[in-house]
Amino acid sequence: MGAGTHSHARRGTGEIYGRLISCRVRVDQRAKNSSDTIPPVVRIELGIPGRKELVVSHEPEHLERKFQRPDLRNAIHEAFRIAERQLRDLKEQRERRTKEQHHDSENQALGQVAELTPEKNQGFLITNEGSLLYFHRNAMLSGDFDQLRRGDEVYYVEDFGDTGPSATKVWVKGG
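Parameters at a glance
- Residues numbered from 1 in each chain as written.
- Predicted model: local features only at pLDDT ≥ 70, side-chain atom pairs only at ≥ 80, totals over all residues.
- Heavy atoms only, no water.
- Pairing = 2+ DSSP bridges.
- Helix = DSSP H or I, 4+ residues; strand = E, 2+ residues; numbered from the N terminus.
- Axes fitted to C-alpha atoms, helices over the stretch in contact; angles between N-to-C directions.
- Salt bridge = Lys/Arg side-chain N within 4 Å of Asp/Glu carboxyl O.
- Buried < 20%, exposed > 50% of the residue type's maximum accessible area, 1.4 Å probe, protein only.

(A) Just the sheet that holds strand β3 (residues 54–57), in detail. Strand order in the open sheet formed by 3 strands is β1-β2-β3, with antiparallel pairing between adjacent strands. If you trace the sheet from one side to the other, it starts and ends with β1 (22–28) and β3, each paired once. Across the sheet, the mean angle from the axis of one strand to that of its neighbour is 15°, orientation sign disregarded.

(B) Structural context of the pattern of salt bridges. As enumerated under the stated definition, the model contains 8 salt bridges in all. R26 serves as the salt-bridge partner of D28, at 3.0 Å between the closest nitrogen and oxygen. Here R137 ties to D146 by a salt bridge, and the two come within 3.0 Å at their closest N and O atoms. Judged by relative accessible area, R137 falls into the partly exposed class, the value being 25%. Overall, D146 belongs to the partly exposed group, its relative accessible area being 42%. The network of salt bridges with shared partners includes R24, R43, E45 and E53.

Structure follows, in structure tokens:
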């Protein structure tokens, strides 16, 4: 019963979010009460590239509220239902961010490399208003940070972060 449900459900989560790299399922039977009705806790750990693991777990009380006589099958189905919902939410967030990146053309500006500090992986741009704007090597979307020279024209998208304004996306003009 459990294995078939498990593989089917895991295949479902992969279809929802194709970038999964691992899926671990653990079933813990908590202390038993006199009538043996405490349902098991199912914990699912999903490995997703570029972020910490997504961990789904629920307390026995959750199952007891939802099902009249929760068993292992209910526990597994509920854990995967929660995991699928969280994966859908994550997928929607990533799709929204991707759409926002495509709107960057409206927010982009043309500037010039003013200063480079390769040993610190950073530099400064002269903005179209004439002010200096910090950028990090990781902000480069196209072009090679190590090939940049003072005066090179670059497009950039400015954002306001914890440390103030910076160019969060930089790409070489014509690159």
